[in-house]
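# Architecture and fold: a report
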Amino acid sequence: VQGVISPAYINLKANAGVSPAFYDYYFKVQYWLMAFFSYGKGVSYDNRWTLSVETLMNYPVVALSHEEQCKRADYLDCKCSQIDTIIARQQEVIEKLKAYKLSVITEAVTKGLNPDVPMKDSGVEWIGEIPKNWNVQRVKNAFVRKKAEAHQENPVVLSLARAGVKVRDLSKNEGQIAESYYNYNLVEFGDLLLNPMDLYSGANCSISMVEGVISPAYINLRAKSGYSSRFYDYYFKTQYWSMAMFA
């Protein structure tokens, strides 16, 4: 396509006898190998680490005949197309497995493990029918919301993502950096953390397997006696997936 682009990008036009398709692959390899990285300059490795036009124009590249360039580019176009087709097929399988996983979890946390058990109306639209010996109650009946502040100078700072609760590496300056973590909330092993700020993009809840502190923007729940955080972790995940909380 033709159009315009920000001058922050470098736009190269091939000289006669040079195949842009071949050098497109060549430069991709330089990115993948991080070969450009040692030539870059900026504020820090993680913040606007850039390659200057002068440095790029003096960067060493392999030289071979135009015929050989085109031959290799054609070969890579064909091979990469075949590989992309395989990836697309595997992605379809992955999406089907994700859907199956969702159905298994949803069935277990809302219907139980016995398909023949007598059912009753839960009285909640998005829950539907539940086993006759189950009841519906409020979150506050099963959990205590923890809001205790850490008041620690150098705490272990945690983050919550769909992949789970992780310890943040503050030295990388990634994500939102707070001026102080003194008033962050304490997190203990087994606490169930939920993200109330993002109800759309996925199952933003997880049990913490580490201790530390987390932003008070997140909800930290501790199960009362007789309640399993592991079960309700799955339950809340289904609420995110079905967007029940979104309403």
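### Observations concerning the packing of aromatic side chains
Here the structure, examined in full by the defined rule, presents 14 aromatic pairs. Between Tyr227 and Tyr232, the aromatic rings sit 6.3 Å apart at their centres with planes inclined by 50°, giving tilted as the arrangement. A ring pair is formed by Tyr235 and Phe236, whose centres lie 6.0 Å apart and whose planes are at 70°; its orientation type is edge-to-face. Like Phe236, Tyr235 is buried.

### Overview of the pattern of salt bridges
Applying the stated criterion across every chain yields a total of eight salt bridges. Note that Glu95 and Lys98 form a salt bridge whose closest N and O atoms lie 3.8 Å from each other. With a gap of three residues between them, Glu95 and Lys98 both fall in helix 3 (residues 66-110), about one helical turn apart. The class for Glu95 is partly exposed, based on a relative accessible area of 40%. Notably, a salt bridge pairs Asp233 with Lys237, separated by 2.8 Å at the nearest N-O pair.

### Overview of the nonpolar core
The biggest cluster of nonpolar side chains holds 15 residues, and the ones touching the most others in it are Phe143, Leu192, Leu194, Leu221 and Phe236. Elements that contribute at least two residues to this core include exactly helix 3, strand 7 (192-194), strand 8 (205-207) and helix 5 (229-241). At three residues, the largest contribution of residues to this core is made by helix 5. Residue contacts for Leu192: discarding those within four places in its chain leaves Phe143, Ser206, Ile207, Ile219, Asn220, Leu221, Ser229, Tyr232, Asp233 and Phe236. In terms of nonpolar packing, the next biggest core, distinct from the first, is built from seven residues, Leu158, Leu160, Val187 and Ile214 among them.

### Description of helix 5
Quick reminder: α-helices carry 3.6 residues per turn. Residues three or four places apart thus point the same way. Along its 13 residues, helix 5 runs 18 Å from first to last C-alpha, staying within 8% of the 18 Å computed at 1.5 Å per residue. For helix 5, every residue scored as buried is listed here: Ser229, Asp233, Tyr235, Phe236, Lys237, Thr238, Gln239 and Tyr240. The secondary structure elements touched by the buried residues of helix 5 are helix 3, helix 4 (139-142), strand 3 (143-145), strand 7, strand 8 and strand 10 (219-223). Directly after helix 5, the chain includes Met243, whose backbone phi takes a positive value near 60°.

### Considerations on the packing of helix 1 (residues 20-32) against helix 3
One can describe the packing of helix 1 onto helix 3 by two numbers: an axis separation of 8 Å at closest approach and a directional angle of 65°. Where helix 1 crosses over helix 3, the handedness of that crossing is left-handed. Each of Ala21, Phe22, Tyr23 and Tyr25 in helix 1 lies in contact with helix 3, whose residues at this interface are Gln69, Arg72, Ala73, Leu76, Asp77 and Cys80. Counted by class, the contact of helix 1 with helix 3 contains seven nonpolar, one polar and two charged residues.

### Notes on a nonpolar patch on the surface
Together, Ile10, Leu12, Val53 and Met57 make up a nonpolar patch on the protein surface, roughly 370 Å² of accessible area in all. Within the element layout of this structure, Leu12 appears in the segment before helix 1. Residue Leu12 is classed as partly exposed on the basis of its relative accessible area of 45%.

### Brief notes about the packing of helix 3 against helix 5
Angle between the axes and distance between the axes are the two parameters that describe a pair of packed helices. At a minimum axis distance of 9 Å, the contact between helix 3 and helix 5 shows a crossing angle of 120°. When the interaxial angle is binned, helix 3 and helix 5 end up oblique. Along this stretch, helix 3 crosses helix 5, giving a crossing that reads as left-handed. Facing Leu102, Ile105, Thr106, Ala108 and Val109 of helix 3, the residues of helix 5 in contact are Phe231, Tyr234, Tyr235, Thr238 and Trp241.

Parameters and conventions
- Residues numbered from 1 in each chain as written.
- Predicted model: local features only at pLDDT ≥ 70, side-chain atom pairs only at ≥ 80, totals over all residues.
- Heavy atoms only, no water.
- Phe/Tyr/Trp six-rings, centres within 6.5 Å; stacked < 30°, edge-to-face > 60°.
- Buried < 20%, exposed > 50% of the residue type's maximum accessible area, 1.4 Å probe, protein only.
- Salt bridge = Lys/Arg side-chain N within 4 Å of Asp/Glu carboxyl O.
- Helix = DSSP H or I, 4+ residues; strand = E, 2+ residues; numbered from the N terminus.
- Core = buried A, V, L, I, M, F, W, Y, C linked by side-chain atoms within 4.5 Å.
- Contact = heavy atoms within 4.5 Å.
- Expected span 1.5 Å × (residues − 1).
- Axes fitted to C-alpha atoms, helices over the stretch in contact; angles between N-to-C directions.
- Left-handed = near helix turned anticlockwise from the far one by under 90°.
- Nonpolar A, V, L, I, M, F, W, Y, C, P; charged D, E, K, R; others polar.
- Patch = residues over 30% accessible without salt bridge, like charges linked within 9 Å, V, L, I, M, F, W, Y side chains within 5 Å.
- Areas by Shrake-Rupley, 256 points an atom, 1.4 Å probe, with all protein chains shown as cover.
- Parallel < 35°, antiparallel > 145°, perpendicular 65-115°, else oblique.

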